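# Structural features, examined
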Amino acid sequence: MSTVIQHIETLLVDLPTIRPHKLSMTTMACQTMVIVRMRHSDGIEGIGEGTTIGGLAYGPESPESIKRNIDTYLAPLLVGQPSNNVHQLRARLNRHARGNMIAKSALETALLDAQGKRLGLSVAELLGGVRQDHLPVLWTLASGDTAKDIDEAMLRLEQRRHCDFKLKIGANPVDQDVRHVAAIKEALGDRASVRVDVNQAWDESTAVRGIQVLQDAGIELIEQPIGAREHAGLVRLANRFNVPMLADEAVQDARDGLDLVCGGFSGAFALKIAKSGGIYGVLELAHVAQAAGIGLYGGTLLEGTIGTAASLHAWATLPAMAWGTEMFGPLLLQDDIVVTPLNYTEFGVALPKGAGLGITLDEDKLVHYSRK
Ligand code: MUC
Ligand code: MG
């Protein structure tokens, strides 16, 4: 008899951050992860994670909606189905449920983790094999305070933890924000690359003003300066400036990627498993980008170790990404819910080894941080 999916459990896990993390739309003091535990009839358990930023501040799915929609709508579509055809199961979820990409990503991760454990292969091996097993990781400076950000960057450089930094701006008036960025770039000089993420906070004319100053200050990449749906505006900005634009919220999946490419976009795409409904969806987007000569960047929704590991398995199958990755989510959290944390060394992170994701839950920590 073939193996079937027997039971799917979801847990809301709240972990405090090491310091307030200030973005244009919210300030985070805690991260909430939805952890999926998927049990199969052969006794194997697959784990997955669905995580977003700031409740509903970042996007249309909240941790609570992810949990509720998995429990009520998505899990019943999977329970009782054969375990090992992930493509069929993805198609089934997409046929019966629209959107809910983060929830679908968490479920797909759990399916792939279980399938890897079953076959004795890592998720990256299941996907065809590893091309890179150590990935560069940048750090986001987002304390909201220029001097603190400079100290934090210096420390990370000294520790050989990170040498690329992303600054979250957009919450303050543009002149104040660009002064803050320019001061940090000046303090770091050539020792580090500095990029900004505006998280859609500017309109196009503000963006033109801000980006000009940032370009002159030596900033290397401008992430999502204007609204997610302003594709034409993003193309205009990409054509106007030498400093490249990184599309993040504007590019959820391969369809958005194709639209931007057809509209004449050049620059880079931030890949996130959560935006694209999982690893297969994000790799479709990566392939559109590769075909169009668009640079790749391994993005995060500030997932904990499980979601970060899932992303790393996806990025590991790609050639080196032009803009590296930002898979630092676990480092922003005060604690972890896994037995062995990821190994961050030499300005990057090692792909975890072992079957599936290569990650084991710490049951005590999971109970401790799970919402009652
Ligand atoms: C985003 O929009 O890129 C990634 C790093 C960070 O600090 O926030 C996220 C989300
Ligand atoms: Mg972003």
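Residues numbered from 1 in each chain as written. Chains lettered and ligands numbered in written order. Predicted model: local features only at pLDDT ≥ 70, side-chain atom pairs only at ≥ 80, totals over all residues.

## Regarding the overall build of the protein
Within the protein one finds twelve helices and 13 strands. Relative to the 2.2 N^0.38 estimate, which gives 21 Å for 372 residues, the radius of gyration of the protein is 20 Å and therefore close to what a compact globule would have. Its C-alpha atoms give the protein principal-axis dimensions of roughly 65 × 45 × 35 Å. For the protein, with 372 residues in total, the buried portion stands at 50%. At a minimum sequence separation of 6, the contacts of the protein that also span at least 24 residues come to 73%. (Helix = DSSP H or I, 4+ residues; strand = E, 2+ residues; numbered from the N terminus. Rg over C-alpha atoms; globule rule 2.2 N^0.38 Å. Buried ≥ 20, exposed ≤ 12 C-beta atoms within 10 Å, placed from the backbone. Contact = placed C-beta atoms within 7 Å.)

## Focus on the site of ligand 1
Taken together, the residues surrounding ligand 1 are Ile53, Thr140, Ala142, Lys168, Asp197, Asn199, Asp248, Gly299, Thr300, Leu302 and Glu326. In terms of residue class, the shell around ligand 1 is built from three nonpolar, four polar and four charged. (Near = placed C-beta within 6 Å. Nonpolar A, V, L, I, M, F, W, Y, C, P; charged D, E, K, R; others polar.)

## Let's talk about the packing of helix H1 (residues 63-78) against helix H2 (residues 86-96)
The geometry of H1 relative to H2 is characterised by a closest axis approach of 10 Å and an angle of 140° between their N-to-C directions. Taken together, the axis directions place H1 and H2 in an arrangement best described as oblique. As for the relative orientation of H1 and H2, their crossing is right-handed in sense. In this structure, H1 contributes Leu74, Leu77 and Leu78 to the contact, and H2 contributes Leu89, Arg92, Leu93 and His96. Taken together, the residues that form the contact of H1 with H2 break down as five nonpolar, one polar and one charged. (Axes fitted to C-alpha atoms, helices over the stretch in contact; angles between N-to-C directions. Parallel < 35°, antiparallel > 145°, perpendicular 65-115°, else oblique. Left-handed = near helix turned anticlockwise from the far one by under 90°.)

## Observations concerning the sheet that holds strand E3 (residues 45-51)
The pairing of strands in a sheet comes from backbone hydrogen bonds and takes either a parallel or an antiparallel form. Read from one edge of the open sheet, three strands run E1-E2-E3, paired in antiparallel fashion. For this open sheet the edge positions go to strand E1 (5-22) and E3, each flanked by a neighbour on one side alone. For this sheet, the mean angle separating the axes of adjacent strands, direction not counted, is 20°. In terms of strand pairing, E1 meets strand E2 (residues 27-40) through 13 bridges, oriented antiparallel. In the strand pairing of E2, Val13 is matched with Met33. (Pairing = 2+ DSSP bridges.)

## Focus: the nonpolar core
By size, the foremost hydrophobic cluster in this structure holds 109 residues, and its most contacted members are Val36, Ala247 and Phe269. Tallying contributions element by element places helix H3 (residues 101-119) first for this core, with nine residues. Three or more residues apiece are contributed to this core by two domains, here domain 1 (5-124 + 363-369) and domain 2 (126-350). Leaving out residues up to four positions away in the same chain, Phe269 has contacts with Ala247, Val251, Gly257, Leu285, Ala289, Ile294, Leu296 and Tyr297. (Core = buried A, V, L, I, M, F, W, Y, C linked by C-beta atoms within 7 Å. Domains from an automatic or database assignment.)

## Side note on the UniProt feature "active site" (unreviewed entry) in the protein
On the UniProt side, "active site" (unreviewed entry) is annotated at positions that read Lys168 and Glu326 here. Despite a sequence span of 159 residues, these residues sit close together in the fold, their greatest C-alpha distance being 12.9 Å. The residue Lys168 is located in strand E6 (residues 164-168) in this model. When sequence neighbours within four positions are dropped, the list of residues in contact with Lys168 reads Lys22, Leu23, Ser24, Thr140, Ala142, Asp197 and Asn199. For Glu326, the position within the fold is in the loop between helix H11 (305-316) and strand E12 (344-345). (UniProt positions renumbered as here; feature names shortened; annotations may be inferred.)

## Details of the sheet that holds strand E9 (residues 245-247)
Judged by pairing direction, the sheet is parallel, and its seven strands sit side by side in the order E5-E6-E7-E8-E9-E10-E11 without closing on themselves. The sheet is open, and its two borders are formed by strand E5 (139-141) and strand E11 (295-298), each paired with just one other strand. Across two bridges, the pairing between strand E8 (residues 222-223) and E9 is parallel. Note that in E9 the partner of Glu223 across the bridge is Leu246.

## Considering the confidence of the model for the protein
When pLDDT is averaged along the protein, the result is 97; 100% of the residues meet or exceed 70. The spread of mean pLDDT over the elements of the protein runs between helix H5 (residues 146-158), the lowest at 96, and H11, the highest at 99. What the predictor reports for the complex is a pTM of 0.98 with an ipTM of 0.98. (pLDDT = per-residue confidence, 0-100.)

## Section: helix H6 (residues 174-188)
Helical periodicity: at 3.6 residues per turn, an α-helix aligns residues three or four positions apart in one direction. Look at H6: 21 Å from first C-alpha to last across 15 residues, which is about the 21 Å you get at 1.5 Å a residue. Among all positions in H6, only Asp177, Val178, Val181, Ile184, Lys185 and Leu188 are buried. Axial view of H6: buried residues confined to an arc of 125°, hence all on one face. With respect to the buried face of H6, the exposed residues turned more than 90 degrees away are Asp175, Gln176 and Glu186. On the buried face of H6, the contacting elements are E5, H5, E6, strand E7 (193-197) and helix H7 (204-216). Positive phi shows up at Gly189, right after H6, with a value of about 55°. (Expected span 1.5 Å × (residues − 1). Arc of directions from axis to C-beta.)

## Focus: the UniProt feature "domain: Mandelate racemase/muconate lactonizing enzyme C-terminal" (unreviewed entry) in the protein
As recorded in UniProt, the feature "domain: Mandelate racemase/muconate lactonizing enzyme C-terminal" (unreviewed entry) lies at residues 147-244. For residues 147-244, helix accounts for 51% and strand for 12%, while the C-alpha atoms at its two ends are 27 Å apart.

## Description of H7
Counted at 1.5 Å a residue, the expected span for H7 with its 13 residues is 18 Å, and the 18 Å between its end C-alpha atoms agrees. Within H7 the residues assigned to the buried category are Ala207, Gly210, Ile211 and Leu214. Looking at the buried positions of H7, the neighbouring elements they touch are H6, E7, E8 and helix H8 (231-240). Once H7 ends, the next one or two residues include Gly218, with phi positive near 90°.

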